[in-house]
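These are the residues of each chain, in order.
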Amino acid sequence: MSFDSAKLFQTYQSHQDIKKYLETLLERYSSKIEVFSRAESYEGREILTVRICTDIQQKRPPSNRWCILIDAGIHAREWITVSVALFIVQQLLEKDEISAKSFRSFEWIILPLLNPDGYEYSREH
């Protein structure tokens, strides 16, 4: 499944499009990113979590690494937070000068859309 990332920041994306984008990143950067869901919304949408670090194959990070947690899309009408979280993911994966410094010291856990039901409702109504 492919996603046109050129259009990613030209408009606010649906939950389904965000999922497609993350799947595309997972295909391209499988050594740096893990995308998983351990929760489901009331209406059955996956609440996706993105984990980014250099040694993604290890399930537990080294004890000397700091973890940065970013959650977005908590309130239904704050659409920009979702875009900002996705922008951070994109920059960490696609900008070598940023990722080289950030990956050595940190593990990134990003929840780009914590309230998918409210987000989709506010987009449709």
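Residues numbered from 1 in each chain as written. Predicted model: local features only at pLDDT ≥ 70, side-chain atom pairs only at ≥ 80, totals over all residues. Heavy atoms only, no water.

- Within an unreviewed UniProt entry, the label attached to the protein reads Peptidase M14 domain-containing protein, and the organism entered is Anopheles maculatus.
- Under the Cofactor (unreviewed entry) heading, UniProt states for the protein: "Zn(2+)". (UniProt positions renumbered as here; feature names shortened; annotations may be inferred.)

Describing the sheet that holds strand β2 (residues 46–52)
And then number 1: Strand order across the open sheet formed by four strands is β1-β2-β4-β3, with mixed pairing between neighbours. Edge positions in the sheet fall to β1 (33–40) and β3 (66–71), since each of these pairs with one other strand and no more. For this sheet, the mean angle separating the axes of adjacent strands, direction not counted, is 20 degrees.
And then number 2: As judged from the three bridges shared by β2 and strand β4 (residues 106–111), these two strands associate in the antiparallel manner. Bridge assignment links Arg 51 to a residue of β4, and that residue is Ile 109.
And then number 3: Seen against the sheet, helix α2 (residues 79–94) touches β1, β2, β3 and β4 and runs at an angle of roughly 145 degrees to β4. (Pairing = 2+ DSSP bridges. Helix = DSSP H or I, 4+ residues; strand = E, 2+ residues; numbered from the N terminus. Axes fitted to C-alpha atoms, helices over the stretch in contact; angles between N-to-C directions. Contact = heavy atoms within 4.5 Å.)

Remarks on the nonpolar core
And then number 1: The biggest cluster of nonpolar side chains holds 22 residues, and the ones touching the most others in it are Leu 22, Leu 25, Ile 52 and Ile 110.
And then number 2: Looking at this core, the elements with two or more residues in it are α1 (15–28), β2, α2 and β4.
And then number 3: Looking at which element gives the most residues to this core, the answer is α2, with six residues. (Core = buried A, V, L, I, M, F, W, Y, C linked by side-chain atoms within 4.5 Å. Buried < 20%, exposed > 50% of the residue type's maximum accessible area, 1.4 Å probe, protein only.)

Quick look at the pattern of salt bridges
And then number 1: Enumeration according to the criterion identifies seven salt bridges in this entry.
And then number 2: A salt bridge links Glu 34 to Arg 51; the shortest N-O distance between them is 3.1 Å. Of this pair, Glu 34 sits in strand β1 while Arg 51 sits in strand β2; the two residues are 17 residues apart in sequence, bridging distant segments of the chain. For the pair shown, Glu 34 and Arg 51 are each scored as buried.
And then number 3: Several salt bridges share partner residues, and in doing so they unite Glu 34, Arg 51 and Glu 107 into one network. (Salt bridge = Lys/Arg side-chain N within 4 Å of Asp/Glu carboxyl O.)

Digging into the side chain of Glu 120
And then number 1: By the element assignment, Glu 120 lies in helix α4 (residues 116–124).
And then number 2: Of the residues examined, Glu 120 reaches a relative accessible area of 8% and is grouped as buried.
And then number 3: Discounting chain neighbours no more than four positions away, the residues touching Glu 120 are Ser 14, His 15 and Arg 45.

Quick word on the packing of aromatic side chains
And then number 1: A complete count under the given rule lists four aromatic pairs for this structure.
And then number 2: For the pair Tyr 12 and Trp 79, a centre-to-centre distance of 5.3 Å together with 70 degrees between the ring planes defines the contact as edge-to-face. A residue pair is termed long-range when its members are at least 10 positions apart, and Tyr 12 in the segment before α1 and Trp 79 in helix α2 qualify at 67 residues.
And then number 3: Ring centres of Trp 79 and Tyr 119 lie 6.2 Å apart, and the angle between their planes is 70 degrees; on these two criteria the pair is classed as edge-to-face. Here Trp 79 is found in helix α2, whereas its partner Tyr 119 is found in helix α4, with 40 residues between them in sequence.
And then number 4: Classification of Trp 79 by relative accessible area gives partly exposed; the value is 24%.
And then number 5: In this structure Tyr 119 comes out as buried when scored by relative accessible area, which is 2%.
And then number 6: One aromatic cluster is present, built from ring pairs that chain together Tyr 12, Trp 79 and Tyr 119. (Phe/Tyr/Trp six-rings, centres within 6.5 Å; stacked < 30°, edge-to-face > 60°.)

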